[in-house]
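# Observations on the model geometry
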Amino acid sequence: MRKVFFLFIGLLASHVTIAQVKVQHLMTENLPNPISIDAVAPRFSWQLDGGQARNVMQTAYQIKVTDDAKHTVWAPAKVNSDQSMYIYYQGSPLKSGEKYTWQVKVWDNHGKSSQGTATFRMGLLKADDWKAQWIGPGQEEASRPSPLFRKGFIVNKKVKTAIAYITAHSLYEAHINGKRVGDAYLTPGYTSYNKRIQYQAYDVTNLVQPGANAAGASLGSGWYRGIYGIGTRHEIYGKDIALLMQINITYTDGSTATIATDDTWKTSTGEVRYAEIYMGSTIDARMEQKGWSTAGFNDSNWKNAVIGNYPKDILIATVNEPVKKHETFKAIKLFTTPKGEKVIDFGQNLVGWVKFNVRGKAGDKIVISHAEVLDKEGNFYTDNLRDAKCQNTFILKGEGMETCEPQFTWQGFRYIRIEGYPGDIKPEDFTATAVYSDMPPTGTFACSNPLINQLQHNIQWGQKGNFLDIPTDCPQRDERLGWTGDAQVFSRTATFNMNVHNFFTKWLKDVSLDQFSDGSLPHVIPDAFDNGKPTGGGGSAGWSDATTIIPWNMYLAYGDKQILENQYNSMKAWVGFMKSRSHNNLWNTGSHFGDWLFYTRNDDNDGTAAITSKYLIAQCFYAHSTQLLINAAKVLGKTEDVETYTKLLADIKDAYMREYVTPNGLISSDTQTAYAEALEFDMLPENLRAQAADRLEANIRRYGNHLTTGFLGTPYLCDALSRYGHADAAFRLLLQENYPSWLYPIKMGATTIWERWDGIKPDGTLEVPSMNSYNHYAYGAIGDWMYRTVAGIDTKIEQPGYKGITIKPTVGGKLTDVAANYETPYGKASSHWKIENGNFVLDVVIPANTTATVYVPTKGDSAVTESGKPVTKAADQIDGFTAVNIGSGTYHFSTTN
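Everything in this summary refers to the structure shown in the same document. (Residues numbered from 1 in each chain as written. Predicted model: local features only at pLDDT ≥ 70, side-chain atom pairs only at ≥ 80, totals over all residues. Heavy atoms only, no water.)

In space, the four strands of this open sheet follow the order β5-β4-β7-β8, with antiparallel pairing throughout. Strand pairing shows two members of the sheet lacking a second neighbour, β5 (72–74) and β8 (113–121), which therefore form its edges. Between one strand axis and the next, the sheet turns through 30 degrees on average, direction left out of account. (Pairing = 2+ DSSP bridges. Helix = DSSP H or I, 4+ residues; strand = E, 2+ residues; numbered from the N terminus. Axes fitted to C-alpha atoms, helices over the stretch in contact; angles between N-to-C directions.)

Here is the structure:
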């Protein structure tokens, strides 16, 4: 029986600080001041800043919502509660396009109060709110140049607000009076277009001017109809390219006007002659129609747009953060390869594009090619891109200094090859820009080992490069698909690096929509293979489990029950699929990817290739998804389902034991993956778990302290070891520098996570080009263990979303200093431990309106103090820790031997 010691530090006189509590970070549907939401009952959230005070808890709140005319639409009474997340609106019906202001006043347990104010605007809630019509180009599209659309309009009154609502069957960039609308790229984003299409809303009040105006947009083929999918498929969702744009203007006198796409809009083409995601773009500056989106432009030679009869009832407001430009990189080196090619190294494998300045003659053609690595001889290497050209071509107009930048495409690269450049290449004229979904950063992890710090860097950059509106497998070759297996193994790690709440909420809706009628899941979401036809493949263990694993991980990270509500039927359908394919509760049928890219030897003549039975893995994930369904049913109060699936789970585990485990506990696939999954998914009875952990540790030693796991074993390996008393083995794996290991790619110069453990082999040669990505985040799932076990920051399952926090660091691996910060939904939590003169020191930060249990590692008769004061009069050992319950604030723990 564990004894837990409680320390109510706030009662210590030397630490009592009463400060004015502040309410901050007001969010509506997890967005700050959104201007287009279609949740008819939006949810309100906020944080408390307790300053230097400890044990700050909210005791009550009161919300008031008013419309744009200052009329109150909801003003409930004061609520005595510490809830500050996901408060549902329950007032009068909210109106399309209307702006609302909400105010919250909070009271804390120190008798202080604070209030904050935020706004939100409703989107277009009904199809007939769209006065705009879908329009397409009036000119021939033989080579598919990027079409331009424009419309002039007059403003003869003073404008109060102007809101533009825009979407497309393709990608769009919009302009008003020659200025770009917004700073988002690759809009409207990628969804299952035949079922739902996002639109974006922009406040363009400052772009609209008195008198003559012009609105316009350019389009690119994008995911909708472009070359996309394995085998360079195209026109997955349609052959057309179309624009839907509407500007709702409200004047200060209360009158309104609508500027909407119809057949009076004019259309032509410009300098973007070609644009494809995989292939790149061709920009011919000689064909620029300068000023095409300004009021004074002469469009008499343009064609009239053509009306398209496309649905509007599938249009939805955007719930996730858009893709934007982020970090920029200057060239760190210009060099000539052994083949004589001019190459620039930007020092980081990134996703985005290169912009450069150049002078030349009209017709000069510059081709920029992209690569992630150089080959063994130091030459520019593109074989692993497969059919993706990844080239941007620029044709100059010859009018002084020109700025070249691609459009409607992106590349994954570290190096660029430059061909056709006029004159001497100046590295300072080239800038690489990283592009990814604009998710707020949430976590940092640093330690005393620089290689581990580089690993964390690589994990984060793998996420940045592959979280581009959807969670892609890779960002460079002819793929860039939403592979479900990759997404699920990395999903919990993703929450520590960035706030992926909205990102996954959006993607998971497509998971449900694209799920096959039999309950299985396509391998990629959105389904770019066969677009709703099971012939495209699906139902693979560990891949289709994305529909259970990711919602549960999001619930743990953000405490958002609505995610489970949204996905519950999908979760249930997937478990139903596995049950239907099982015989006597044993799922040993179907096609599975298995432990994808596990350690293997081509000349394996002594059985060292770490092959794990695909059906054994399938049975483990069958059990795991059933357990997660039970968890979700408990949260949602579905007691009948809890009973049904609890019985099913017991039967699944019994079938596993009968088929795959000997009476002494030997698993038929004697591999790291088999034991890690058996332990993490609780497949074994209690009496066989310790010996299984010992077998796992022995296996690791047998491979010279190397991992042998693939995509489905790696995420659980270190967790299983540390959970069952073998943290030392987990640290040996983490710190292993030789292949296969997490640090081997770093020693070989990696700046992102690789798809294969040996993407570059020890002799400098490269793995097979048919499948060898150097930016593939799945193995970055180790980041979860680094945050939750090494630094020790975790949420309590019974208090998800870090309402209840656990700080339980694990010392090992000769690390002497580990610091992790994490922006929880309630504010920053921090764990910073170090070893000083043989003593353990732990600095902790806990956000207001939460509580935490801190586990301080202790040995023997170690005494634990907080800010110099004893924690307890008798600090007993509790499984090697002293447990301390605390409230919010900053704490300094230390131990002395």
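Attention shifts here to the layout of surface pockets. Looking at the second largest pocket, its volume works out to about 1,100 Å³. Residue lining of the second largest pocket: 45 residues in total, with N30, L31, P32, E321 and N502 positioned closest to the centre. When residues of the lining of the second largest pocket are traced back to their parent elements, those giving at least two are β2 (22–28), β3 (43–49), β15 (197–203), α4 (501–514) and β38 (817–824). The dominant element in the lining of the second largest pocket, judged by the number of residues it contributes, is β15, at five residues. When its residues are assigned to classes, the lining of the second largest pocket shows 22 nonpolar, 16 polar and seven charged. (1 Å grid on protein atoms, 1.4 Å probe; cavity = no way out; pocket = protein on both sides within 12 Å on 5 of 7 lines; lining within 4 Å. Points joined across faces, edges and corners; volume = space filled by probe spheres on them. Nonpolar A, V, L, I, M, F, W, Y, C, P; charged D, E, K, R; others polar.)

Another point: the nonpolar core. Core analysis: the largest hydrophobic core is formed by 204 residues, its most contacted members being F430 and F893. Per-element accounting of this core gives the leading share, 13 residues, to helix α7 (residues 614–636). Core analysis: the second largest hydrophobic core is formed by 29 residues, I135, V155, L207 and M245 among them. (Core = buried A, V, L, I, M, F, W, Y, C linked by side-chain atoms within 4.5 Å. Buried < 20%, exposed > 50% of the residue type's maximum accessible area, 1.4 Å probe, protein only.)

Pairing analysis gives seven bridges linking strand β39 (residues 827–836) to strand β40 (residues 839–846), with the strands arranged antiparallel. Considered in β40, the bridge of S831 is made with V844. As consecutive antiparallel partners, β39 and β40 are separated by two residues, and within that stretch N837 has a phi angle of approximately 55 degrees, a positive value. The pairing of β40 with strand β45 (residues 889–896) spans six bridges and is antiparallel. In the sheet register, V845 faces β45, and the bridge partner there is T890.

All chains considered together, the criterion is met by four cavities of 30 Å³ or more. Counting only elements with at least two residues in the lining of the largest cavity, the list comes to α2 (450–466) and α13 (744–747). Residues belonging to the lining of the largest cavity are distributed by class as follows: nine nonpolar, three polar and one charged. By volume, the second largest cavity amounts to about 60 Å³. Taken together, 13 residues make up the lining of the second largest cavity; nearest its centre are T187, Q200, P322, V323 and D469. Along the lines of polarity and charge, the residues of the lining of the second largest cavity split into five nonpolar, six polar and two charged.

In this section: the environment of A317. In this structure, A317 sits in strand β24 (residues 315–317). Relative accessible area serves as the criterion here: at 2%, A317 is assigned to the buried category. If sequence neighbours within four positions are ignored, A317 has contacts with S36, I37, D38 and Y199. (Contact = heavy atoms within 4.5 Å.)

On to the sheet that holds strand β13 (residues 179–180). The strand order across the open sheet built from six strands is β13-β12-β16-β10-β19-β22, with neighbouring strands paired in antiparallel fashion. Edge positions in the open sheet fall to β13 and β22 (303–304), since each of these has one partner strand only. For strand β10 (residues 147–155) and strand β16 (residues 211–220), the ladder comprises eight bridges, and the chain directions are antiparallel. Within β16, the position partnered with R150 by the bridge is G216.

Of all ten residues in strand β4 (residues 58–67), seven are buried; the element is thus mostly enclosed. Summarising the sheet, β4 and β5 pair through two bridges and their orientation is antiparallel. Paired with V65 across the two strands is W74, which belongs to β5. Taken together, β4 and the strand that follows it, β5, pair antiparallel across an intervening segment of four residues, in which K70 is found at a positive phi of about 70 degrees.

Here we take up the side chain of R196. The residue R196 is located in the loop between β14 (184–185) and β15 in this model. Among residues more than four places away in sequence, those in contact with R196 are T191, I314, I316, K506, K509, D510 and L513.

Looking now at α7. The terminal C-alpha atoms of α7, which comprises 23 residues, lie 32 Å apart, in line with the 33 Å expected from a rise of 1.5 Å per residue. For α7, a buried count of 18 out of 23 residues is recorded, marking the element as mostly surrounded by other parts of the structure. Between a side-chain oxygen at the N-terminus of α7 and the backbone nitrogen of Y615 the separation is 3.2 Å; the capping residue is S613. After α7 finishes, the residue G637 shows a positive phi value of roughly 75 degrees. (Expected span 1.5 Å × (residues − 1). Polar contact = N/O pair within 3.5 Å; in protein donor to acceptor, adjacent residues only side chain to side chain.)

Attention shifts here to helix α8 (residues 639–660). Between its first and last C-alpha, α8 extends 31 Å over 22 residues, near the 32 Å set by a 1.5 Å rise per residue. Inspection of α8 places D641, V642, Y645, L648, L649, I652, K653, A655, Y656 and Y660 among the buried residues, and these make up the whole buried set. Taken down its axis, α8 places every buried residue within 160 degrees of arc, on the same side. In α8, the exposed positions angled more than 90 degrees off the buried face are occupied by T639, E640, E643, K647 and R658. (Arc of directions from axis to C-beta.)

The residue after T187, namely P188, is reached through a cis peptide bond having omega 10 degrees. Residue position: P188 is located in the loop between β14 and β15. A cis amide bond links Y739 with the next residue in sequence, P740, at an omega value of -10 degrees. Position of P740 among the secondary structure elements: in the loop between α12 (727–735) and α13. The backbone phi angle of N55 is positive, close to 60 degrees, even though this residue is not glycine. When you line up the elements, N55 lands in the loop between β3 and β4. Positive phi, normally seen in glycine, also occurs at S867, with a value near 50 degrees.

Time to look at the side chain of N384. By the secondary structure assignment, N384 is in the loop between β28 (365–371) and β29 (391–395). For N384, a relative accessible area of 1% translates into the label buried. For N384, the residues in contact, after removing those within four places along its chain, are E372, R477, P769, N772, S773 and Y774.

Attention now goes to the packing of helix α11 (residues 714–723) against α12. Where α11 contacts α12, the axes come no closer than 7 Å and their chain directions differ by 150 degrees. Considering their axes alone, α11 and α12 lie roughly antiparallel with respect to each other. The segment α11 lies against α12, with L717, C718, L721 and S722 engaging A727, A729, A730 and L733. (Parallel < 35°, antiparallel > 145°, perpendicular 65-115°, else oblique.)

Taken as a whole and judged by the stated rule, the model has 63 aromatic pairs. With a centroid separation of 5.5 Å and an interplanar angle of 70 degrees, the aromatic rings of F297 and W302 are classed as edge-to-face. Across this residue pair, the class does not change: F297 and W302 are buried. Ring centres of F346 and F413 lie 6.1 Å apart, and the angle between their planes is 80 degrees; this geometry places the pair in the edge-to-face category. Pair noted here: F346 is in strand β27 (residues 342–359) and F413 is in strand β31 (residues 411–419), with a separation of 67 residues, a long-range link. By relative accessible area, F346 is classed as buried at 2%. We note K333 situated over the ring of F335; from NZ or CZ to the ring centre the distance is 5.1 Å. For the cation-ring pair, K808 lies above F881, with the distance from its terminal atom to the ring centre recorded as 5.0 Å. (Phe/Tyr/Trp six-rings, centres within 6.5 Å; stacked < 30°, edge-to-face > 60°. Lys NZ or Arg CZ within 6 Å of the ring centre and 35° of its normal.)

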